[in-house]
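Remarks on the overall topology
Chain by chain, the residues run as shown.
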Amino acid sequence: MKPLNIDETIVLDEEKRRILFLDDSSKSDFEIPHNQQWALFLCLVAAEGTECDTVWLEEKLDAYNPSGKSSDSPIKYLATKLRNDLINIGIPCNKGDEKDPNKITIGNKRNRGIRGNTGSYTLILPKIKNKTEKVIADLYWNRYESVSAQKEGEHKNEEVIGKIGDVYQFPLILDDGYECQWNISNSDTYNNNVLIEAPNGYGKTTFMRSIILSATFIYRNVLSGDEKNKYERISKFHGVDNSYLCIYIECKNIDININDRNIGAEWLYKILSGIRSLRIDKYIDQEAFVNLIKEYNLRGKLILLFDGFDELNIDDRPELIEMLSDFQHDKDFGCNSKTVITTRPLFWGNDFNGYKKYTISNRNIIEKKSTFLQYVQCYSHSFRPIEAEQLYEYVMNNYYLKNIACTPAIIVWIIKEYGSQGAFYESMERIIEQIMLRYKSGEFRELTVYKEQYKRVYEEIAYDYLRLTEKSDGLLYFEAEMLSMIRGCIERIKLEGNKRFNRVFNNKQDDELGELFFTNVALLDYVNGRIKFSNSIFAYHLAARRVLRSYNKKNLLSIYDQLDLLSYKYRYYVIVIAASLALHLTDNRFFEAYGNEADEIRFEVADDFINYISNRWNEPTCTDKEKTYIQEATAHILLRYYGENVYTNRNMLNDKCISLMEDIIKTELNECGVATKKCRSERGN
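Here the residue numbering is sequential within each chain, running from 1 through the sequence in written order. Residues qualify for local features only when their pLDDT is at least 70, as the model is predicted, and side-chain atom pairs are given and counted only at 80 or more; totals for whole chains, interfaces and linings, by contrast, use all residues. Processing note: side-chain calculations cover all non-hydrogen atoms of the structure and skip hydrogens and water entirely.

**Some details on the overall build of the chain**
Operational definition: To qualify as a helix, a DSSP run of H or I must reach at least 4 residues; to qualify as a strand, a run of E must reach at least 2; elements of each kind are numbered from the N terminus. Per-residue accessibility, obtained with a 1.4 Å probe over protein chains only, is compared with the maximum for each type, and a residue is labelled buried under 20%, exposed over 50%, and partly exposed between these values. Any two residues whose heavy atoms approach within 4.5 Å are treated as being in contact. Each accessible area is a Shrake-Rupley estimate made with a 1.4 Å probe; only the visible protein chains count as cover when residues are assessed.
When you go through the chain residue by residue, the secondary structure sums to 28 helices and 19 strands. Across the 685 residues of the chain, 55% fall into the buried class. Once local pairs closer than 6 in sequence are excluded, the contacts in the chain between residues at least 24 apart make up 70%. When the accessible surface of the chain is split by element, carbon and sulfur atoms take 45% of a total near 31,900 Å².

**A closer look at the sheet that holds strand β16 (residues 355-361)**
Put simply, the rule reads: We treat two strands as partners when DSSP finds at least two bridges between them.
Within the open sheet, the seven strands sit side by side as β11-β10-β16-β12-β15-β14-β13. Their pairing is mixed. In this open sheet, the two strands that pair with only one neighbour each are β11 (178-179) and β13 (245-250). Across five bridges, the pairing between strand β12 (residues 193-197) and β16 is parallel. If you follow L195 over to β16, its bridge partner there is K357.

**Quick word on the environment of L566**
Inspection of the secondary structure assignment puts L566 in the loop between α23 (559-564) and α24 (568-581). Between the C-alpha atom of L566 and that of Y463, which follows or precedes it by 103 residues, the distance is 8.0 Å. Setting aside residues up to four positions removed in sequence, L566 forms contacts with Y463, L466, R467, R571 and V574.

**Focus on the packing of helix α18 (residues 451-468) against helix α22 (residues 536-548)**
Note the following rule: Where helices are involved, their axes are fitted lines through C-alpha atoms of the stretch in contact, as for all axes, and angles between N-to-C directions lie from 0 to 180°. In this scheme, roughly parallel covers angles under 35 degrees and roughly antiparallel covers those over 145, while 65 to 115 is roughly perpendicular and the rest are oblique. The classification used treats Ala, Val, Leu, Ile, Met, Phe, Trp, Tyr, Cys and Pro as nonpolar, Asp, Glu, Lys and Arg as charged, and all other residues, Gly among them, as polar.
At a minimum axis separation of 7 Å, α18 and α22 run at an interaxial angle of 100°. Judged by the inter-axis angle, α18 sits roughly perpendicular to α22. Where α18 approaches α22, its residues E452, K455, Y458, E459, E460, A462, Y463, Y465 and L466 are matched on the opposing element by A539, Y540, L542, A543, R545, R546 and V547. Tallied by class, residues from the contact of α18 with α22 come to ten nonpolar, no polar and six charged.

**Section: the nonpolar core**
Under the convention used in this document: Definition of nonpolar core: a set of buried residues of the types Ala, Val, Leu, Ile, Met, Phe, Trp, Tyr and Cys, connected through side-chain atoms within 4.5 Å.
In terms of nonpolar packing, the biggest core is built from 189 residues, with F306, F517, F609 and Y647 touching the most fellow members. When near neighbours in sequence (up to four residues on either side) are disregarded, F609 contacts V547, Y551, I559, L563, I575, A578, A579 and Y647. Counting residues in hydrophobic clusters, the runner-up holds 31 residues, among them F21, W38, C43 and I75.

**Let's talk about the pattern of salt bridges**
Threshold: We count a salt bridge whenever a side-chain nitrogen from Lys or Arg sits within 4 Å of a carboxyl oxygen from Asp or Glu.
Under the counting rule described, the total for this entry stands at 41 salt bridges. With a shortest N-O distance of 3.7 Å, D332 and K331 are connected by a salt bridge. Look at D332 and you get partly exposed, because its relative accessible area is 27%. A residue is classified by how much of its surface remains accessible, and K331, at 59% relative accessible area, is exposed.

**Considering the confidence of the model for the chain**
Caution is warranted with low-pLDDT regions, since their predicted coordinates should not be read in detail. Quick note on the threshold: Each residue carries a pLDDT score, the predictor's own confidence in it, on a scale running from 0 to 100.
With 88% of its residues at a pLDDT of 70 or more, the chain shows a mean pLDDT of 84. Looking over the chain, one finds the lowest element-wise mean pLDDT in helix α17 (residues 444-449), namely 64, and the highest in strand β14 (residues 302-307), namely 96. A low-confidence stretch, residues 152-157 stays under pLDDT 50, and its non-local contacts, those more than four residues away or across chains, total 15 contacts.

**Topic: a negative patch on the surface**
Note the following rule: Candidate patch residues must exceed 30% relative accessible area and have no salt bridge, after which like charges are joined if within 9 Å and Val, Leu, Ile, Met, Phe, Trp or Tyr side chains if within 5 Å. Counted as positive: Lys and Arg. Counted as negative: Asp and Glu, with His and the chain ends omitted from the count. Here the site of a charge means NZ on Lys, CZ on Arg, CG on Asp, or CD on Glu.
A cluster of acidic side chains, namely E597, E600, E604 and D607, defines a negative patch on the protein surface. Looking at where E600 falls in the secondary structure, it is placed in helix α25 (residues 598-618).

**A look at the pairing of strand β2 (residues 10-13)**
Residue alternation in β2 divides its side chains into two sets, I10 and L12 and V11 and D13, and both sets are buried. Alignment of strand β1 (residues 2-3) against β2, held across two bridges, turns out to be antiparallel. From the neighbouring strand, P3 faces β2, where its bridge partner is V11. Counting the residues that bridge the hairpin from β1 to β2 gives six residues, and of these E8 lies at a positive phi of roughly 60°. Two elements, β2 and strand β3 (residues 18-21), share four bridges in a ladder whose sense is antiparallel. Note that in β3 the partner of D13 across the bridge is R18. Adjacent in sequence and paired antiparallel, β2 and β3 are bridged by four residues, among which R17 carries a positive phi angle near 55°.

**A look at the packing of aromatic side chains**
Inclusion rule: Only centres within 6.5 Å qualify two rings of Phe, Tyr or Trp (six-membered ring in Trp) as a pair; their planes then separate them into stacked at under 30 degrees, edge-to-face at over 60, and tilted for everything else. A positively charged side chain is recorded as over a ring if its NZ (Lys) or CZ (Arg) lies within 6 Å of the ring centre. The angle to the ring normal must also be within 35 degrees.
This model, assessed by the stated rule, comprises 34 aromatic pairs. Ring plane angle 5° and centroid distance 4.8 Å describe the contact between Y399 and Y573, whose orientation is recorded as stacked. Here Y399 is found in helix α14 (residues 399-404), whereas its partner Y573 is found in helix α24, with 174 residues between them in sequence. Judged by its relative accessible area of 14%, Y573 is buried. Through successive ring pairs, a cluster of aromatic residues spans Y399, Y400, F424, Y540, Y568, Y570, Y573, Y629 and Y642. Sitting over the ring of Y463, R546 keeps its end group 4.0 Å from the ring centre. Taking the ring centre of W617 as reference, the NZ or CZ of K627 above it sits at 5.2 Å.

**Focus: the sheet that holds β2**
Spatial ordering of the open sheet is given by β1-β2-β3-β4, a layout of four strands whose pairing is antiparallel. Each end of this open sheet is capped by a strand with a single partner; those strands are β1 and β4 (30-31). Against the sheet, helix α1 (residues 36-46) makes contact with β1, β2, β3 and β4, and its axis sits at roughly 95° relative to β2, the strand it touches most.

Structure, rendered in C-alpha cells:
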C-alpha cells in the first residue's frame, strides 16, 4: 500500500484498485474506475519519481483527446482531469504552478522533438517523513509478521501460524546461567555485540523478528489500538523504538563471496536485494539505502540482526564474523552499530570475540501456567478458555507430556495433536521427525529422504547414552569421544547389512557427523563439553525402539541383558514406552524395518517385560529406590500415560499381568510417586 497524503491516512491498495480513507469513517473506500485518467494514475504511481515519456504513455494507454484539439496532447488532457478527480474525492493534489511537497504533484516536462511537442510526465507522492524507513518496515512486516512453529518438513502444509504480536511471550534470558534483565543495549567494556544461543525450537527466530517488528510498528497505520499496545509491550521488553534502524537478515539467505566483499554498506544492500521475498532493490535505490545506514550509524542507532548463524555452511561462518568486524571498523557506516546474532549450540564452536553471550531458557514455559495458556490460546483461536485449562491439566498430569512441553514449537505440536486426538506414539514420532527436519541446510534433502536411517543411528546413540550416563547434566565428553561413539553406533548398524543404510553413511567425515547430529538435527546438545539429549523423553523413546529390535533373531544380547545394561533410573521409562510402541510396529510410516515379524513381537514383549519387572521386584538386591521406579512405571502403564499398550489393549488384555501390576501398585514403600497415588485412587486402593 502507498500513502497518498502527508499524514498517511489515505492509502492506495494497488492490488485491489481501491483508495482507503483510514481515519474518516464517514468516507467509503474509493473504487478506482476503469477509465483513461485513472489508468494514467496507476501507471504514474507504479513509476513514481520516474519520467514517463508522453509518446510511450499514449501508446500504452491507447490515449485519445475527446476535445478534438490537435494541439493538445491526450496525456495533458487526461492529467488535467486526473488532478480534478483527485481533489474532488479528497486527495491533496497540486494544480497549476503549485509546488506544495505535502501534496501529490503530477509534473510535465516539455520537449520539442522530431514528432512534434513531446515530453514526459512524473508523479511525485507527498514527502513523507522517514519514507525510506517506512518502506523497509513494510517489507519486513509483509514478510515476517506471521510466524510458524514448523520451518520445513513433509508436514509443512499442516503448520500452525500466528501473528507475532498475538503469540509472543517474553522468554527467560540467562546471562552466564543466571536470569537477567534483557535489553538490546546491554553490553560490557569488551563486548558491544550480542550472541543469543539456544537449542532447536526455543524461539530464536521469533525473538529476532519481534525486535524488528516492535521497532517499526509505528509505521503501520493498519494496526488496531490493541495490536499497537501489544507491540508497545514488546518494544519495551527489547528496549527498542522507531529511533533505531534495524536490519534483519536470515543467515541461510547469505551467499558469502570472499572476492566480492564491498566496502561500506553495499554488501548489506546486495544481501537484501537477493532475498526473493524482500527484493529491497525494487523499492529503494542503493544510494538511498547506503545514506540511511550512514545516518543511523552516526546517531548510534543502527542494529544488525543476523538470525540462524548455525545455518551457514561451516566454512562460511568465520567469513561472516570477519565481514561484520570489518563493517564495525568502518567509521562512516558501522563503527557505532550493534550486531545481534542467534545460533544453536555449535558442535565445532566459533570465535565470537566481541559478543556478549546470552541463552534462552525454557523454564518459564511449563512452570508458569499463564505462559502456557497464552501459547495455547494464541496458537489455537478455536480453543475456548476452558479447553485451554483442560489441555494444561492434561499435560501437567502426564509425566511424558509435561517433560516434552518445554519449547514453543513443541507446545504448538501438542495443541495440534491434542485437537486431532492422535495416538500418543504417533505424536512423539512426529515431534522427533519435526525436530530432525526443521533445519534447512545442504543436508536437508538427505535428512528428509533418509530420515529412518538417521533415526536408526539415534536409536543406538540413545541406548548408549542411557547406558553410560548417570547424571541429568549429561556425559562429560570431548568432541573426539562423541564422534567416536557415533561412529561406533554406525559401524554396529552396518553389520546388519542394510544396503540403503550403508550407502548413506559410507563416507561421512567427522565435520559432517558433528554438524548433522548436533548442530543440524539437534536432538542432542553439546554445551561446555557435555553431551546430552535435548529432552530425556526423546532418549527414552529412541532407546525403546532400539530395545524392540532385540527381538531380531540376529541380535546376540537377550532382552534381559539389554535392560540390565541400563541404569534403573531410565530402564523402566524405556519399558513403558516400548510396551506402547510394540502395538504399532506394523505402521510402516515409522517402523518400516520390522517386517512380517511385527505382529508376533507384541506378544513376546508383553511376556518378557512383565517377567523382567516381576523378577526385579522380587530380587533381594532390588532396593526400595528401584522399586519406587518400578511402581511408578507400572502406574504409567495402567494409566496409559504413553497411550494404549500391550497390557491395556483389549485384544491383548491379560488378567494375570494386570493382577501382578496391581499387586505392585498396592505395595507400601517409603516413597510414593505421583502416578502411583493417582493409580491407587482410580482403582479404589
